[in-house]
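# Secondary and tertiary structure notes
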Amino acid sequence: MSTTTYAVRDSATMLRRNLKHMARYPSQTLMLIGLPLLFLLLFVYVFGGTMGAGLPGAPAEDRGGYLTFITPGILMMTVASVSIGTAVSVATDMTNGIIDRFRTMAIAKVSVLTGHVLGAMIQTALALAVVFGVAFLLGLETAASATQWLSLVGLLALLSFAMTWFTVGLGLASPNPETASNWPMIFVLLPFAGSGFVPVESMPTGLRWFAEHQPFTPIMDAFRGLLAGSPGGSEVLWAIGWCVVIGLVGYLWSRRLYRTRAAN
Amino acid sequence: MTTRTSAIEVAGLRKSYGDHEVIAGVDLTVPEGTVYALLGPNGAGKTTAVRILSTLLPADAGEARVAGYDVRREADQVRASIGVTGQFSAVDELLTGRENLRLMADLGHLHRRRATTVVERLLERFDLVDAADRRAATYSGGMKRRLDLAMTLVAGPRLIFLDEPTTGLDPRSRRELWGIVRELVADGVTVFLTTQYLEEADQLADRIGVLDGGRLVAEGTAAELKRLVPGGHIELQVADSERVAELARQLPEAIPNAEALTVTLPHDGSLTALRRLLDGIDDDGAVTGLAVHTPDLDDVFLALTGHPTTDEVPS
Ligand SMILES: Nc1ncnc2c1ncn2[C@@H]1O[C@H](COP(=O)(O)OP(=O)(O)O)[C@@H](O)[C@H]1O
Ligand SMILES: [Mg+2]
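Residues numbered from 1 in each chain as written. Chains lettered and ligands numbered in written order. Predicted model: local features only at pLDDT ≥ 70, side-chain atom pairs only at ≥ 80, totals over all residues. Heavy atoms only, no water.

### Side note on the overall build of chain A
Along its length, chain A carries 11 helices and zero strands. Its helices and strands in sequence order give chain A the pattern α-α-α-α-α-α-α-α-α-α-α, from N to C terminus. The C-alpha atoms of chain A give a radius of gyration of 19 Å, which matches the 18 Å a tight globule of 264 residues would have. Considered along the principal axes of its C-alpha atoms, chain A spans approximately 65 × 35 × 35 Å. Evaluated residue by residue, chain A yields a buried proportion of 50% over its 264 residues. (Helix = DSSP H or I, 4+ residues; strand = E, 2+ residues; numbered from the N terminus. Rg over C-alpha atoms; globule rule 2.2 N^0.38 Å. Buried < 20%, exposed > 50% of the residue type's maximum accessible area, 1.4 Å probe, protein only.)

Below you can see the structure in the form of structure tokens.
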């Protein structure tokens, strides 16, 4: 078999291993999905009435409008939340002797990491399905066409791929699983310092500048545009651009760390 | 491949962490089908040596060929030829014993049917059939160690590295593991193991390298190493303390121990000296027992390194 066949076969083996881990330890998956759901319910029911009324051009008490407004931020959070689990799994592998066993075997090197990435993407898909389901139950309205839905799913997959590679890097860089679980928390909270929960125009100058320029804002704006059935072309391009950058940096960083870590 | 008869060839190997030289110029050769034991106390550099030879760690200087391949330039070929059981457990605790072995079979690219056969056979051989479908997290230390070794053997490597395979095991598990190593050797597998236990090296190894501070301070068979320390001792068990004192007066070189009721005499191992000693002792029942001690590896280690081993020899 060729090197590529082995890479695919080994990655599939590692993916099976990670799926088994998830099945054996469902509380982690549930917690990772629970986090964005909690924010969704909290913001719609606790803050939704007041916040919705504050949206530009909204009637008083516009809970439904606010749900529609924050759904992109919640989607972003969902992807980020699952990546916490990825960072922890990678860090756990790295602090366990098993990684040295893998390293002394004649397997495709990248398969250990691609197994994690593929597993995390499946987990993310699951989480996003649940989040969408709950959002629709709460009354999410969308004017997206089939093509726009397809674009949304594609963009979410790209984002998940990029974020996962980045958090694989974080997991590799962490000295232990506990540290690994802290870093991605930033990504879960980053939608707040962006266009996730309030329009950036309502922010004070300094924060507003950050919110307008941080990568998550155009991604969330692109989600919002696609859900509303009127995507802005430049937002989508920016979103794709940022995902490619995050993913590429994450991939190269992870690959380097995987080669050098523990081998010093 | 240069040599088919050497499983491992190492020359001038060096490795430093900062200015701490952990491997300070090691040369060694391990012929195929033999057991080599790297013996040394904690911190001697055993794990570092194993990590270099198993492609996990690049050396700073020197040559190392494993299974005929250069560990640095032909790492993939080396990996395809070896099995490694590290110092610390390398099992997936969330998976069952069977799943762990199956994972190794899949990563070893075994065909499906063969994988199943190999896994079942290893479960039996390592006495893990009853525990096969339990998560490895629930295994005892001895079981984990057995699973660990079984995982190393799935792909059928002809050369295996065992880094302190019995550290932390109870005496029974330790002897079981020794039995497994002997079976492997009987199958013609080359074994490179490290240990802190002198008895273990003595029991298993064809050749022993004594590692201290990153240097091989001695190398040879157990018998050869023992010969480096001339002389052993004879211990006489004596009926009572009066007789101990009496014997001590009678035999000029004797070291009496009134509490243990023994008298110890230096001995060069020769029959002549033993006969002369026995002729000098009255046969009146005062001496109730006699033991001849050849020097053991503890004596060797002390003589070679100037300090005793850190750990007790297991019994
Ligand atoms: N990654 C590392 N960084 C710095 N020092 C290390 C590292 N790994 C091992 N050492 C040092 O190298 C020496 C040998 O370690 P090791 O090979 O693990 O010994 P052994 O396995 O014989 O107990 C020890 O003094 C240890 O502290
Ligand atoms: Mg060690």
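### Looking at the packing of helix 1 (residues 3–24) of chain A against helix 5 (residues 111–138) of chain A
Residue and element names in this part refer to chain A. Interhelical geometry of helix 1 versus helix 5 gives an angle of 50 degrees and a closest axis separation of 7 Å. Judged by the inter-axis angle, helix 1 sits oblique to helix 5. Helix 1 and helix 5 meet at a crossing whose hand is right-handed. Seen from helix 1, the contacting residues are Ala7, Asp10, Ser11, Met14, Leu15, Asn18, Leu19 and Met22; seen from helix 5, they are Ser111, Val112, Thr114, Gly115, His116, Leu118, Gly119, Ala120, Ile122 and Gln123. Of the residues contributing to the contact of helix 1 with helix 5, the split by class is nine nonpolar, eight polar and one charged. (Axes fitted to C-alpha atoms, helices over the stretch in contact; angles between N-to-C directions. Parallel < 35°, antiparallel > 145°, perpendicular 65-115°, else oblique. Left-handed = near helix turned anticlockwise from the far one by under 90°. Contact = heavy atoms within 4.5 Å. Nonpolar A, V, L, I, M, F, W, Y, C, P; charged D, E, K, R; others polar.)

### Details of the nonpolar core
Judged by nonpolar contacts, the single largest core of 68 residues is most densely connected at Phe102(A), Leu101(B) and Ile208(B). When residues in this core are grouped by element, the largest group, six residues, is from helix 5 (residues 141–153) of chain B. Sequence-distant contacts of Leu101(B), that is, excluding residues within four places in its chain, are made with Val119(B), Leu122(B), Leu123(B), Leu147(B), Ala150(B), Met151(B) and Val154(B). Leu32(A), Leu55(A), Val82(A) and Val88(A) belong to the second-largest nonpolar core, a separate cluster that totals 48 residues. (Core = buried A, V, L, I, M, F, W, Y, C linked by side-chain atoms within 4.5 Å.)

### What to know about the interface of chain B and chain A
Taken together, the 33 residues of chain B in the interface contact 25 residues of chain A. Summed over both partners, the interface of chain B with chain A comes to about 2600 Å²; 55% of that surface belongs to carbon and sulfur atoms. For the interface between chain B and chain A, the tally reads six salt bridges. In this assembly, chain B and chain A are joined by 12 residue pairs in polar contact (both at pLDDT 80 or more). Contributing elements (two or more residues each) for the side of chain B that touches chain A: strand 1 (6–17), helix 2 (75–81), strand 6 (82–85), helix 3 (97–107) and helix 5 of chain B. At six residues, helix 3 of chain B tops the list of elements feeding residues into the side of chain B that touches chain A. (Buried area = accessible area lost by both parts, 1.4 Å probe. Salt bridge = Lys/Arg side-chain N within 4 Å of Asp/Glu carboxyl O. Polar contact = N/O pair within 3.5 Å; in protein donor to acceptor, adjacent residues only side chain to side chain.)

### A short note on the sheet that holds strand 1 of chain B
Residue and element names in this part refer to chain B. Strand order in this open sheet of four strands is 2-1-4-5, and the pairing throughout is antiparallel. Either end of the sheet is taken by a strand with one partner, and the two such strands are strand 2 (20–31) and strand 5 (69–70). Relative to strand 5, strand 4 (residues 61–66) runs antiparallel, the two being bridged by two bridges. Residue pairing across strands places Arg65 opposite Asp70, the latter belonging to strand 5. Most of the contacts of helix 1 (residues 46–53) go to strand 1, to which it runs at about 120 degrees, and overall it touches strand 1, strand 2 and strand 4. (Pairing = 2+ DSSP bridges.)

### A word on the coordination of the magnesium ion (ligand 2)
All names here are of chain B. Binding of the magnesium ion (ligand 2) to the protein goes through Thr47 (OG1) and Gln87 (OE1), at separations of 1.9 to 2.1 Å. You can see Thr47 sitting in helix 1 and its partner Gln87 sitting in the loop between strand 6 and helix 3, a full 40 residues away along the chain. Classification of Gln87 by relative accessible area gives partly exposed; the value is 24%. (Donors = N, O, S within 2.8 Å, 3.2 Å for Na, K, Ca; no water.)

### A short note on the pattern of salt bridges
Counting across every chain of the model gives 25 salt bridges over all chains. The salt bridge partner of Arg17(A) is Asp92(B), with a shortest N-O separation of 2.6 Å. One end of the pair, Arg17(A), is in helix 1; the other, Asp92(B), is in the loop between strand 6 and helix 3, on a second chain. Each member of the pair Arg17(A) and Asp92(B) is classed as buried. Of the charged contacts in the structure, one is a salt bridge between Arg172(B) and Glu176(B), with a shortest N-O distance of 3.2 Å. Remark: Glu176(B) and Arg172(B) occur in helix 6 (residues 171–186); sequence separation between them is four residues, near one turn of the helix. Classification of Glu176(B) as partly exposed rests on a relative accessible area of 30%.

### Section: a nonpolar patch on the surface
Among the surface-exposed residues, Leu41(A), Leu42(A), Tyr45(A), Val46(A) and Phe47(A) lie close enough to one another that they form a single nonpolar patch of about 440 Å² accessible area. Position of Leu41(A) among the secondary structure elements: in helix 2 (residues 26–54). (Patch = residues over 30% accessible without salt bridge, like charges linked within 9 Å, V, L, I, M, F, W, Y side chains within 5 Å. Areas by Shrake-Rupley, 256 points an atom, 1.4 Å probe, with all protein chains shown as cover.)

### Points about the packing of aromatic side chains
All names here are of chain A. Applying the stated criterion to the full structure yields 13 aromatic pairs over all chains. Between the aromatic rings of Phe43 and Phe192, the centroid separation amounts to 5.5 Å while the plane-to-plane angle is 40 degrees, which identifies the pairing as tilted. Here the residue Phe43 occupies a position in helix 2, and Phe192 occupies one in the loop between helix 8 (185–189) and helix 9 (205–213), the gap between them amounting to 149 residues. Phe43 sits in the buried class, given a relative accessible area of 7%. Plain terms: the ring middles of Phe132 and Phe136 are 6.2 Å apart, the flat faces sit at 20 degrees to each other, and that makes the pair stacked. Note that Phe132 and Phe136 are positioned in helix 5 at a spacing of four residues, about one turn of the helix. Among the residues examined, Phe136 registers a relative accessible area of 35% and is labelled partly exposed. Through successive ring pairs, a cluster of aromatic residues spans Phe166, Phe187, Phe216 and Trp253. Across from the ring centre of Tyr258, 4.8 Å away, lies the NZ or CZ of Arg103, which sits over that ring. The ring of Phe69 carries Arg224 above its face, with NZ or CZ at 3.9 Å from the centroid. (Phe/Tyr/Trp six-rings, centres within 6.5 Å; stacked < 30°, edge-to-face > 60°. Lys NZ or Arg CZ within 6 Å of the ring centre and 35° of its normal.)

### Quick notes on the environment of Ser81(A)
Residues and elements named next belong to chain A. Relative to the assigned elements, Ser81 resides in helix 3 (residues 63–95). According to the relative accessible area criterion, Ser81 is buried, its value standing at 1%. Contacts of Ser81, omitting those with residues within four sequence positions, involve Leu32, Leu35, Pro36 and Val188.

### Let's talk about helix 3 of chain B
Burial analysis of helix 3 of chain B places nine of its 11 residues in the buried class, which makes it a mostly covered element. Burial in helix 3 of chain B covers these residues: Gly97(B), Glu99(B), Asn100(B), Leu101(B), Leu103(B), Met104(B), Ala105(B), Asp106(B) and Leu107(B). Where helix 3 of chain B is buried, its residues contact helix 1 and helix 4 (98–103) of chain A together with helix 4 (112–125) and helix 5 of chain B. Positive phi shows up at His109(B), right after helix 3 of chain B, with a value of about 60 degrees.

### A look at the pairing of strand 11 (residues 232–238) of chain B
For a regular strand, side chains alternate in direction, first toward one face of the sheet and then toward the other. Residues and elements named next belong to chain B. Inspection of the sheet shows strand 11 paired to strand 13 (residues 262–267) by six bridges, in the antiparallel sense. The partner of His233 across the bridge, within strand 13, is Pro266. Note: strand 11 against strand 14 (residues 287–293), six bridges, orientation antiparallel. Paired with Glu235 across the two strands is Ala291, which belongs to strand 14.

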